Amino acid sequence: PKCRGRGYANFPEGELSLPEALGSDGVRVTMESALTARDRVGVQDFVLLENFTSEAAFIENLRRRFRENLIYTYIGPVLVSVNPYRDLQIYSRQHMERYRGVSFYEVPPHLFAVADTVYRALRTERRDQAVMISGESGAGKTEATKRLLQFYAETCPAPERGGAVRDRLLQSNPVLEAFGNAKTLRNDNSSRFGKYMDVQFDFKGAPVGGHILSYLLEKSRVVHQNHGERNFHVFYQLLEGGEEETLRRLGLERNPQSYLYLVKGQCAKVSSINDKSDWKVVRKALTVIDFTEDEVEDLLSIVASVLHLGNIHFAADEESNAQVTTENQLKYLTRLLSVEGSTLREALTHRKIIAKGEELLSPLNLEQAAYARDALAKAVYSRTFTWLVGKINRSLASKDAESPSWRSTTVLGLLDIYGFEVFQHNSFEQFCINYCNEKLQQLFIELTLKSEQEEYEAEGIAWEPVQYFNNKIICDLVEEKFKGIISILDEECLRPGEATDLTFLEKLEDTVKHHPHFLTHKLADQRTRKSLGRGEFRLLHYAGEVTYSVTGFLDKNNDLLFRNLKETMCSSKNPIMSQCFDRNELSDKKRPETVATQFKMSLLQLVEILQSKEPAYVRCIKPNDAKQPGRFDEVLIRHQVKYLGLMENLRVRRAGFAYRRKYEAFLQRYKSLCPETWPTWAGRPQDGVAVLVRHLGYKPEEYKMGRTKIFIRFPKTLFATEDALEV
Ligand code: ATP
Ligand code: MG
């Protein structure tokens with residue numbers, strides 16, 4: 001057995017489990033040779049895989065580590081995380097302390113190592129940082145984001161003034177989750193929006209403020225849920241946890257079964273969720289983020305009004321025109337939204353058209369009225385969500401923005417955004433989400449290559465260009481002006497009454513027919529045609545093929561709310577509603593931006609924000625669909641390795657040198673292998689390393705000496721050296 005100092009754990013030694021690998025004194029004793037440990041628990045960094053192009057070897061390494069509850073593995077600086085679906089007790093205050101101030105490679109891979117590395121770079125280099133967390137639904141993105149925030153809230157110094165900001169940063173989460181998360185088939189707490197959060201630090205490294213950007217809330221969930229899924233948490237929380245008095249005021253019954261918007265998924269109760277206690281947390285959090293009692297009331301009125309809206313029924317009169325039959329609901333709605341009852345009734349059953357300067361009211365039939373009602377519910381809810389983000393931002397805004405120290409703040413961004421999605425049935429939403437992933441992938445490749453190149457240059461080592469797939473061609477296909485899919489979609493949305501989802505598809509076929517990443521039934525050859533329906537198009541994404549059904553594309557992209565419903569809401573005396581529905585919207589002649597275009601613009605802005613920062617990556621993987629611990633579903637994981645672009649990532653990282661280490665660290669670890677460097681080397685560490693590797697018989701093609709680091713081309717060189725230690 002060998003006794004080591006604070007283990008340089010990026011080496012392929014066997015970490016047992018984290019607490020063991022890092023004993024209380026930081027010393028670990030291993031009885032096994034490094035080799036057997038390597039066999040058992042895999043390598044801590046995929047760059048050390050001998051067969052780095054083999055997906056099978058990659059997955060085998062993940063599997064070994066997962067079996068040992070080692071959920072984290074690096075690809076160079078990128079952290080790969082596998083959701084353990086069990087509490088591993090690895091996020092305590094002690095764990096935070098262990099990772100503070102130590103170099104990334106001195107300790108086993110961990111989220112906190114990333115957290116600390118990023119924070120130290122922020123402090124010492126004074127450069128803005130961004131941690132991008134990606135992965136499919138249920139992979140653990142939001143959990144990771146929360147752990148990171150917690151790490152900063154607990155370990156960073158408190159600001160001199162406004163210490164409340166730490167609480168606000170933490171407490172914004174339960175509120176956003178209540179309104180933006182829901183139980184889905186994939187995840188009991190699935191984020192139904194994308195989120196980018198900035199945390200601002202002052203020159204002493206204390207958090208002083210924050211800002212949140214949200215992306216594309218899945219608002220269709222307000223009016224419809226698939227079997228086994230729920231509406232947003234807040235509805236159930238309020239019904240379960242709200243006080244008697246509150247519910248009476250809102251005209252609500254406790255039972256979720258009473259509300260049509262809550263019964264579609266047939267699973268109001270979820271064993272892993274305690275709505276009642278969650279509600280308590282949310283209520284408290286609202287106070288922390290500066291909600292007054294009045295504001296809470298206004299907000300709850302809106303939540304309740306959505307439930308009442310869902311219970312509005314219509315019956316057809318003799319002329320087949322819709323009439324509201326649920327007077328009680330209408331009464332509550334009128335009160336909760338503070339609008340005129342007659343106006344609301346009319347708006348729910350008529351459509352106002354302005355023709356030649358004249359206003360015409362045309363009655364709606366049953367189907368149209370239900371459509372209008374649902375559109376209103378979605379608009380009310382999603383605008384309230386946007387308002388909520390704005391409200392949180394006001395509460396997080398640094399109160400010191402005017403002071404001189406403000407100018408020296410640095411920013412650490414956390415991106416928790418939906419991963420690549422491929423379902424049985426893919427629609428407009430998946431199209432947007434996957435476009436978003438293309439953009440982020442492009443940024444990732446650009447930044448990874450750039451940082452590799454920069455390191456080589458900084459170290460004075462010749463850069464050998466890397467061949468890689470540039471997915472710009474797919475981004476262009478989606479976003480290009482005039483010829484891109486979004487442009488064509490928008491164009492069709494400008495022809496109301498004439499255009500349909502299918503005319504959109506035809507136009508697509510005409511415009512992009514020769515694109516290598518685009519296919520439809522008409523364009524496909526005999527062989528591939530079978531798998532494509534007539535109302536579908538297929539994109540060959542960087543992560544694989546996805547077939548989209550065009551049904552609903554126009555409608556979802558237009559996202560229309562009838563004018564008189566808008567007018568009614570603009571007249572609302574509920575202060576939140578009147579902020580959400582601005583009168584200017586009515587007089588604005590310009591057509592509002594379509595959903596896809598808005599999304600595209602917000603993504604361009606996001607990419608710009610991320611580009612200006614130093615990136616760090618956390619790639620989350622979901623091990624099985626059953627949400628269970630200990631199950632490693634290989635097929636599922638292989639898909640994710642592909643979607644996350646991990647093999648490509650590894651290839652880029654391994655293109656030149658597998659491994660690099662500062663001279664001091666390298667010498668410290670291996671000096672015992674050479675009589676000239678043992679026990680101490682008096683000269684420059686670089687010269688010591690030169691002597692050492694010559695003694696070890698490294699061949700010139702196996703390594704290069706940079707300015708501050710040694711670069712080793714193949715893992716086997718390193719393993720041989722590592723094994724020599726054990727002899
Ligand atoms: P979505 O895209 O649907 O929002 P997500 O990637 O944000 O998914 P999370 O909500 O973070 O997924 O994780 C899903 C669940 O998995 C969590 O509720 C938790 O039960 C479990 N989980 C995730 N990460 C961990 C972890 N590190 N340790 C223990 N359990 C975890
Ligand atoms: Mg999430």
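Residues numbered from 1 in each chain as written. Chains lettered and ligands numbered in written order. Predicted model: local features only at pLDDT ≥ 70, side-chain atom pairs only at ≥ 80, totals over all residues. Heavy atoms only, no water.

Quick look at the layout of surface pockets now. For the second largest pocket, the calculated volume is near 1400 Å³. Lining the second largest pocket we find 39 residues, and of these P77, T117, E455, E614 and K709 sit closest to its centre. Elements with a minimum of two residues in the lining of the second largest pocket: α5 (111-125), α16 (428-458), β18 (614-621), α27 (646-654) and β19 (659-662). At 8 residues, the largest contribution of residues to the lining of the second largest pocket is made by α16. A per-class count over the lining of the second largest pocket returns 14 nonpolar, 9 polar and 16 charged. (1 Å grid on protein atoms, 1.4 Å probe; cavity = no way out; pocket = protein on both sides within 12 Å on 5 of 7 lines; lining within 4 Å. Points joined across faces, edges and corners; volume = space filled by probe spheres on them. Helix = DSSP H or I, 4+ residues; strand = E, 2+ residues; numbered from the N terminus. Nonpolar A, V, L, I, M, F, W, Y, C, P; charged D, E, K, R; others polar.)

Take the sheet that holds strand β17 (residues 544-549) next. Across the sheet, which stays open at both edges, the 3 strands sit in the order β15-β16-β17 with antiparallel pairing between neighbours. Every other strand in the sheet has two partners, leaving β15 (518-520) and β17 as the edge strands with one partner each. Each neighbouring strand pair of the sheet contributes to a mean axis angle of 25°, computed without reference to strand direction. Sheet analysis places β15 next to strand β16 (residues 536-541), joined by 3 bridges and oriented antiparallel. Each bridged residue has a counterpart across the sheet, and for T520 the counterpart in β16 is F537. (Pairing = 2+ DSSP bridges. Axes fitted to C-alpha atoms, helices over the stretch in contact; angles between N-to-C directions.)

The end-to-end C-alpha distance of helix α7 (residues 164-180) is 24 Å, a good match for the 24 Å that 17 residues give at a rise of 1.5 Å each. Residues V165, R168, L169, S172, N173, V175, L176, E177, A178, F179 and G180 constitute the buried set of α7. (Expected span 1.5 Å × (residues − 1). Buried < 20%, exposed > 50% of the residue type's maximum accessible area, 1.4 Å probe, protein only.)

It is worth spelling out the coordination of the magnesium ion (ligand 2) at this point. At the metal site, the magnesium ion (ligand 2) is ligated by T142 (OG1) and S191 (OG), and these contacts range over 2.0 to 2.1 Å. Here the residue T142 occupies a position in helix α6 (residues 141-155), and S191 occupies one in strand β7 (residues 190-191), the gap between them amounting to 49 residues. (Donors = N, O, S within 2.8 Å, 3.2 Å for Na, K, Ca; no water.)

Here the focus is the nonpolar core. Y152, F179 and F235 are the most contacted members of the largest nonpolar core, which has 113 residues in total. Residue contacts for F235: discarding those within four places in its chain leaves L262, V303, V306, L307 and Y381. In terms of nonpolar packing, the next biggest core, distinct from the first, is built from 95 residues, L447, Y548, L554 and V595 among them. (Core = buried A, V, L, I, M, F, W, Y, C linked by side-chain atoms within 4.5 Å. Contact = heavy atoms within 4.5 Å.)

The next point concerns the pattern of salt bridges. Across all of its chains, the model carries 54 salt bridges by this definition. A salt bridge links D116 to R120, with the shortest nitrogen-to-oxygen separation between them at 2.9 Å. With D116 and R120 both in helix α5, this residue pair falls 4 residues apart, about one helical turn. D116 gets classed as buried once you look at its relative accessible area, which sits at 4%. When the shortest N-O distance is used, the salt bridge between E648 and R651 registers 3.6 Å. Taken as a pair, E648 and R651 lie in helix α27 at a separation of 3 residues, close to a single helical turn. For E648, a relative accessible area of 21% translates into the label partly exposed. The partly exposed category is assigned to R651, whose relative accessible area is 32%. A network of salt bridges, in which partner residues are shared, links E55, E60, R63, R64, E634 and R638. (Salt bridge = Lys/Arg side-chain N within 4 Å of Asp/Glu carboxyl O.)

Confidence along the protein chain averages 90 in pLDDT terms, with 93% of residues attaining 70 or more. Confidence drops under pLDDT 50 across residues 1-35; counting only partners more than four residues distant or on other chains, this segment forms 97 contacts. (pLDDT = per-residue confidence, 0-100.)

Time to look at the sheet that holds strand β8 (residues 194-201). Strands sit in the order β3-β4-β18-β5-β14-β8-β9 across an open sheet of 7 strands; the sheet is mixed. What marks the edges here is a single partner per strand, and that holds for β3 (72-75) and β9 (207-215). The average angle at which neighbouring strand axes cross in this sheet is 20°, direction not considered. Relative to β18, strand β5 (residues 129-134) is paired through 6 bridges, and the arrangement is parallel. Note on β18: the bridge partner recorded for S134 is R619. On top of the sheet, helix α25 (residues 595-611) reaches β5, β8, β9 and β14 (410-416); it is set at about 145° to β9, its chief contact. Against the sheet, α27 touches β3, β4 (78-82) and β18, its axis set at about 50° to β3.

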